[in-house]
Amino acid sequence: MSIFGTRKTRAVVVALAAGSLALTACGGNDGNSGTKDKGKTQEDAAKQSAAVVYGDAKASTGPAADVPGAKPGGTLTVYQESDFSHLDPGQSYVSDAKLLDRLIQRGLTQYQEDDNGKLTLVGDLATDSGKQTDGGKTWTFTLKDGLKDQNGGAITSADIRHTIERLYAPFITDGPIYVQQWLSGTGTTYREALPDGPYKGKHLPDSVLATPDDKTVVFKFKDPQPDLPQALAMPGYSVVPEKADTKEKYDTAPVSTGPYKISDFKPGKSMTLVKNENWDAKTDSVRHQYVDGFNIEYNHDDPDQTKTLLADRGEAKNAVMFTGQVATNEVRNVVNDPEAMKRTIQGYAPYVWQLNFNLDRLKDKKVRDAITYAMPSAQIYKLDGGAYGGETATGLISPTTPGYEKGYDPFGKLKKPNGDIEKAKALIKEAGAEGQKVVYAYGNTPVRQQQAVVIADRLKAIGLDVVKKEIDSTTWYEQVGKVDNGLDLYMTGWGQDWPSASTVIPPLYDGKQIQDGSSVYSHINDPKVNSEIARILKITDPAEAQEAWTALHHDIVERINPAAPIYFTKVFQIFGSNVGGLRYSTDASYVDVTRLFLKK
C-alpha cells in the first residue's frame, strides 16, 4: 500500500501515504529530541508481522465493544496537509484514504484490533470472515441482515458483485488488483474478462463469481487463495451500491455505508462528515459513532498541525491528525513536555521510502548503484520526524514484513548512513555518466521540498546534471504512476497490504502488471523476476514461500536495483487534550479513527 503523499499509503496501505510515515531504530542521533528515546524499534515492528487470526460469526457480530470512558456528542476537527486523491473506494490505495474509508465505507471483511495491536479478521458486511472449501479455491460469504447505504437502500449480493466487476472498467486505475487477478488472470490480462466492467450488461460467469441469492456471494478461483479475506478488507474493495454508482463521478460523491457520510465537500479546502443515520451499530463489530461528525480541514502541513495541537487552545483541544506527524523541529518540544506526551501515540509503520529509478530511462545499473550509494538516508529521514519518524533503510522490505532480515545491507548503509560519495563518484566515472541529465521529481509539501534539496545536492555532488520537477502532492501517485511519466527519479513509500511479502514484491516488481496507475513505479520488467513471482505465488506453505520471497528480494536489490532504499518509517502523532480513545492502529498505521470521542 502507498502512503499518503504517495500511492499505496498501498497500506495501505496502503499507503500507502505520504504525509510521512516511518519506522525502525538504527538511525543515529537526530539532534532533536534531547532524550535517548528514539521512538519505536525494529523489535516493535517484528510484533506486527504476526499472522492475522480469522474471526468467526461471534467476533463479527455488533455492536463493537465500548471504549472505556467514551461519551457521545461533539464534533472532531481533523487537520490534513492535502486533499484526498480519491473518494471512490475502487481507486483508493493510500493511507489517508484508508482512514477516511474506515469512517464512511464498509466491505465484506474488516480488521478488529485490540489494545496490543493484535488483529482479528472479522466479517464486516459478511456474517464472518468467510468459509473456504475446495482447498481454499472457493470462498463463500453470507451478508448480514439489515444492511443499508446512506440513502436507505438495502445492500445485497448484487451490490457485492457490482463492486468487484466495476474494478475491471478502464476508468479504475489506482486501486488494488489482487482479487481481479486471482479471479481472471495475471498482470493486466484480468481486464480482458470484463473490459467494460458491468456497465454494458455483461458479468463475470457464475463459475468465477456467483450470487445464488440476495445474501450469498461465492468467489471461485483456479488456485487456493488463503488470503482472500485480508484482501477484501482493503479500502479498494469497499462496497459501491449498484444503484448509486455514477462511474467516474463517484470519485467526488461516494455513497456511504459506514457510520458517517459526507455532507459537504469543497475540494482543496474542506470536508464535513456527519452521522449516517442508516448505519446500524448492531451490524458492525468494529466501528463506533461517538462523535456527531468530523470537520476535515486541508492545507495544514506538519509544522502547522504540530504547533496548533501542542498549544492546545480553543478548537485544537478537539482536534486530531489523520496522517500528519509531529514535525521534526517540534519533536524536542513535544518529547520534553510530559503533559503533551500523554496525548501522543507512536507506532512502527510498514512503509519503505525508496527512490525509484525509471528503468525505461536509467538503463545503466552502475548509475543506479552510484545514486544508491550516494543517498544520505540519515539526512533525509531527519527531515521527516528524525528518529521518531524513521531510520535508514537497507533493503526494500520493511521490518514489519515477515521475512525481513535485520542486518541485510548490500549498499553498506548502516556503516555509512549519510552515503558514500567517493564510491558513487567512481561508479559514475566508470559508467561515463559525468554530466548526465536526470529529471528528479518530488511532491510540493514542505517535507518533500526540504528532502529534495538534500537529494538534488547529492546527485550534483556525484557529477549528475539534475533537473528538478515539483509535482502536486494530491496527484503524486497518479503522476508518477503513468507509464510515460517523463521522469528519471521519484520517491514513493510502500507498505505491506497484510503481513506477507506477497503484498510487497509482486505489486512493486512484477513487470506483467505495468500499466497506467500500476504501482510498478520503477517499470522493472525482468523475465526472471516475473517468472519467480508467478512460481512463489503458487506455494501454499507459508514458511517455504517466505524463504523464496527473501531470496527474490536479494536478487531484485542486488542484480537489478530498481529503487534505492532510503528510510523505514515510524509514526509519532499528537492530539488535542479533549480527544479520547487514542490508540495507534497497526492496521491503519496511524491513529485508530473508529474509536475516537470527545471527553467533554
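Structure shown above.
Here we summarise the structure given alongside this text.

Procedures and definitions
- Residues numbered from 1 in each chain as written.
- Predicted model: local features only at pLDDT ≥ 70, side-chain atom pairs only at ≥ 80, totals over all residues.
- Heavy atoms only, no water.
- Helix = DSSP H or I, 4+ residues; strand = E, 2+ residues; numbered from the N terminus.
- Buried < 20%, exposed > 50% of the residue type's maximum accessible area, 1.4 Å probe, protein only.
- Areas by Shrake-Rupley, 256 points an atom, 1.4 Å probe, with all protein chains shown as cover.
- Lys, Arg positive; Asp, Glu negative; His and termini not counted.
- Charge placed at Lys NZ, Arg CZ, Asp CG, Glu CD.
- Salt bridge = Lys/Arg side-chain N within 4 Å of Asp/Glu carboxyl O.
- Axes fitted to C-alpha atoms, helices over the stretch in contact; angles between N-to-C directions.
- Parallel < 35°, antiparallel > 145°, perpendicular 65-115°, else oblique.
- Contact = heavy atoms within 4.5 Å.
- Nonpolar A, V, L, I, M, F, W, Y, C, P; charged D, E, K, R; others polar.
- Pairing = 2+ DSSP bridges.
- Phe/Tyr/Trp six-rings, centres within 6.5 Å; stacked < 30°, edge-to-face > 60°.
- Lys NZ or Arg CZ within 6 Å of the ring centre and 35° of its normal.

**Quick notes on the overall build of the protein**
Argument step 1. A count of helices and strands for the protein gives 16 helices and 21 strands.
Argument step 2. Summarising its shape, the C-alpha atoms of the protein cover approximately 65 × 55 × 40 Å along the three principal directions.
Argument step 3. Counting all 600 residues of the protein, 63% fall into the buried class.
Argument step 4. Within the structure as shown, the protein displays about 21,100 Å² of accessible surface, and the carbon and sulfur contribution to it stands at 49%.
Argument step 5. Taking the 70 positively charged and 77 negatively charged side chains of the protein as two groups, their mean positions are separated by 2 Å.

**A word on the pattern of salt bridges**
Argument step 1. For the structure on display, the rule yields 29 salt bridges.
Argument step 2. Of the charged contacts, one joins R106 and D124 as a salt bridge, the two residues approaching to 2.8 Å between their closest N and O atoms. Remark: D124 occurs in the loop between β5 (119-123) and β6 (131-133) and R106 occurs in the loop between α2 (95-104) and β4 (109-113); sequence separation between them is 18 residues. Across the pair, D124 and R106 agree in class, each one buried.
Argument step 3. Note that R583 is salt-bridged to D115, the shortest N-O span being 2.8 Å. Taken together, the residues R583 in the loop between β20 (579-580) and β21 (597-598) and D115 in the loop between β4 and β5 connect sequence positions 468 residues apart.
Argument step 4. Taken together, the shared-partner salt bridges in this structure form one network comprising R106, D124, D284 and R287.

**Side note on the packing of helix α15 (residues 527-536) against helix α16 (residues 542-560)**
When two helices pack together, their arrangement is given by the angle between the helix axes and by the axis-to-axis distance.
Argument step 1. Viewed as axis vectors pointing N to C, α15 and α16 meet at an angle of 170°, and their least axial separation amounts to 10 Å. The orientation of α15 with respect to α16, classified from their angle, is roughly antiparallel. Of the residues in α16, those touching α15 at K528, V529, E532, I533, R535 and I536 are A545, A548, W549, L552, D555, I556, R559 and I560.
Argument step 2. Each residue belonging to the contact of α15 with α16 can be placed in one class, and the counts come to nine nonpolar, no polar and five charged.

**Regarding the sheet that holds strand β8 (residues 209-213)**
Argument step 1. Strand order in the open sheet made by the four strands is β6-β7-β9-β8, with antiparallel pairing throughout. A strand with exactly one partner marks an edge of an open sheet, and here the two such strands are β6 and β8. Within the sheet, the average angular offset between the axes of one strand and its neighbour, ignoring direction, is 20°.
Argument step 2. In this sheet, strand β9 (residues 216-220) lies alongside β8 in antiparallel orientation, the contact comprising three bridges. Counted as the bridge partner of A210 is V218 from β9.
Argument step 3. Contacts from helix α3 (residues 157-165) reach β8 and β9, with the element oriented near 170° to β8.

**Some words on the packing of aromatic side chains**
Argument step 1. Evaluation of the coordinates by the stated rule reveals 21 aromatic pairs.
Argument step 2. Pairing W182 with F221 gives two aromatic rings, centres 6.3 Å apart and planes at 85°, and the pair type is edge-to-face. Of this pair, W182 sits in helix α4 (residues 178-184) while F221 sits in the loop between β9 and α5 (228-232), and the two are 39 residues apart along the sequence. The pair W182 / F221 is uniform in exposure class, with both members buried.
Argument step 3. Members of the aromatic cluster, each reached through a chain of ring pairs, are Y54, W139, F141, Y178, W182, F219, F221 and W498.
Argument step 4. Stacked on the ring of Y250, the Lys or Arg R166 has its end atom at 5.5 Å from the ring centre.
Argument step 5. Its guanidinium or amino end placed over the ring of Y199, K247 lies 4.9 Å from that ring's centre, counting from NZ or CZ.

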